[in-house]
Amino acid sequence: MLSAAPEELADGLVTTSTGNMAQGVAWMARELGVPATIVVPDNASMTKLAAVERLGGRIVRVTWERWWAAVDADDERDLGDGVHGFYVHPVQDPPVMAGNGTIGLELSEDLDDFDAVVIPWGGGGLTTGIASALRAVRPEVKVYVCEPESGAPFAAAVANGHVPVKVDYRPSFIDGAGSGSLLPKMWEHARDLVTDAFAISLADAAAGVRLLLERARIVGEGAAGLPVAAAMAGLAGEGRVVCIVSGGNIDSARLATILEGRVPD
């Protein structure tokens, strides 16, 4: 966003995000003194939306299908006449992936030895950034991705001989990961960086969220529970496994349901 010319920012900033990138864009828009329009799917967490609004962002709700089509199209043109501005893609802008790559560099700097990293897969920008950095500095580390069973196209592609296929998708409390298809650009980036992919049940993901809070006092959202569940099940091996806890924005009602031992709607 800082690299954009002033005239490009005249109409403000736009992104299509379930909430985490949305907050970053809204924060930066406030710093730049320009408006921010955040297009979200209809299953987005109210906690995330409230955070965006506190930062001054304008929320535009669309159906999940329309939202994903805009992400896939790489621009905001199909989101209505009221959505204009400098578009920040939540996944596949190269600077976004580079920013995510700093997580991989931090892991390399902070940990003397680790065997695997498990990352939630939504669109692929987080995985591509981290895995690319690790390939450069710790090539021996294995990278795994995990998705909710309610929409796991990466795991399906791996099972299909590394050929992408569309899968059935149903919205769940895991609003930061999972979809019905892979973004072609991101598949090409990540396919050779990822060792394997896992589809995690919603019940196991909820248990991962509960474990984070009860054992580590970390509040994680649904997507953050996926890598914990994968690691606890031994899917990433028995060595030293790093779980990327990607976001702590979860509605209090959903969190309460999880702490009661149930799976939220």
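Residues numbered from 1 in each chain as written. Predicted model: local features only at pLDDT ≥ 70, side-chain atom pairs only at ≥ 80, totals over all residues. Heavy atoms only, no water.

*Asks:* I'd like to hear about the pattern of salt bridges, residue by residue, with values.
*Replies:* Counted under the stated rule, the structure contains three salt bridges. With a shortest N-O distance of 3.1 Å, lysine 48 and aspartate 175 are connected by a salt bridge. Placement of lysine 48 in helix 2 (residues 46-54) and of aspartate 175 in the loop between helix 6 (153-159) and helix 7 (184-190) is noted, with a sequence separation of 127 residues between them. Using a relative accessible area of 7% as the deciding quantity, one classes aspartate 175 as buried. With its nearest N and O atoms 2.7 Å apart, the salt bridge here joins glutamate 221 to lysine 48. Pair noted here: glutamate 221 is in the loop between helix 8 (202-216) and helix 9 (222-232) and lysine 48 is in helix 2, with a separation of 173 residues, a long-range link. Here glutamate 221 matches lysine 48 in class, with each residue buried. (Salt bridge = Lys/Arg side-chain N within 4 Å of Asp/Glu carboxyl O. Helix = DSSP H or I, 4+ residues; strand = E, 2+ residues; numbered from the N terminus. Buried < 20%, exposed > 50% of the residue type's maximum accessible area, 1.4 Å probe, protein only.)

*Asks:* Describe the side chain of arginine 138, naming the residues involved and giving the relevant values.
*Replies:* Structurally, arginine 138 is set in the loop between helix 5 (125-137) and strand 6 (142-148). Here arginine 138 sits buried without a salt bridge, and the closest side chain of opposite charge, glutamate 140, lies 4.5 Å off (N-O distance). If we skip the residues at most four places from it in the chain, arginine 138 touches Ser108, Leu111, Asp112, Asp113 and Phe114. (Lys, Arg positive; Asp, Glu negative; His and termini not counted. Contact = heavy atoms within 4.5 Å.)

*Asks:* Tell me about the state of the cysteines, and name the residues and values.
*Replies:* All chains considered together, the criterion is met by zero disulfides. Cysteine 243 provides the cysteine sulfur closest to cysteine 146, a residue in no disulfide bond, and the two sulfurs are 7.9 Å apart. The class of cysteine 146 is buried, set by a relative accessible area of 0%. Accessibility expressed as a relative area gives 26% for cysteine 243, which makes it partly exposed. (Disulfide = S-S within 2.5 Å.)

*Asks:* Lay out the sheet that holds strand 6 with the relevant residues and their values.
*Replies:* Ordered in space as 7-6-5-8, the four strands form an open sheet in which the pairing is parallel. The open sheet is flanked by strand 7 (196-200) and strand 8 (241-243), the only strands paired with a single partner. Shown here is a sheet whose adjacent strand axes are inclined to one another by a mean of 25°, direction ignored. The pairing of strand 5 (residues 116-120) with strand 8 spans three bridges and is parallel. For alanine 116, the partnering residue across the bridge sits in strand 8 and is valine 241. Relative to strand 5, helix 5 is tilted by about 165°, and along the sheet it contacts strand 5 and strand 6. (Pairing = 2+ DSSP bridges. Axes fitted to C-alpha atoms, helices over the stretch in contact; angles between N-to-C directions.)

*Asks:* Residue-level account of the side chain of serine 179, with values.
*Replies:* Note on placement: serine 179 falls in the loop between helix 6 and helix 7. Looking at serine 179, the relative accessible area reads 0%, which means it is buried. Polar side-chain contacts of serine 179 include one of 2.8 Å to the backbone oxygen of serine 181. Setting aside residues no more than four positions away along its own chain, serine 179 makes contact with Trp64, Trp68, Gly122, Gly151, Ala152, Pro153, Val167 and Tyr169. (Polar contact = N/O pair within 3.5 Å; in protein donor to acceptor, adjacent residues only side chain to side chain.)

*Asks:* Tell me what's going on with the packing of aromatic side chains, and back it up with residues and numbers.
*Replies:* The description of an aromatic ring pair rests on the distance of the ring centres and on the angle between the ring planes. Overall, the coordinates contain seven aromatic pairs when judged by the stated rule. With 6.2 Å between their ring centres and 45° between their planes, tryptophan 67 and tryptophan 68 make a pair best called tilted. With relative accessibility at 7%, the residue tryptophan 67 sits in the buried group. Among the residues examined, tryptophan 68 registers a relative accessible area of 10% and is labelled buried. (Phe/Tyr/Trp six-rings, centres within 6.5 Å; stacked < 30°, edge-to-face > 60°.)

*Asks:* Mind laying out the sheet that holds strand 1 (residues 13-16), listing which residues take part and the relevant values?
*Replies:* Pairing is parallel in the open sheet, where four strands are placed in the order 3-2-1-4. Two strands in the sheet have a free side with no partner beyond their single neighbour: strand 3 (58-62) and strand 4 (86-88). Taking the axes of each pair of neighbouring strands and ignoring which way they run, one obtains an average angle of 25° across the sheet. Here five bridges tie strand 2 (residues 36-41) to strand 3, and the two strands are oriented parallel to one another. The residue bridging threonine 37 from the neighbouring strand is arginine 58, located in strand 3. Sheet contacts for helix 1 (residues 20-32): strand 1, strand 2 and strand 4; angle to strand 1, the most-contacted strand, approximately 175°. Sheet contacts for helix 2: strand 2 and strand 3; angle to strand 3, the most-contacted strand, approximately 145°.

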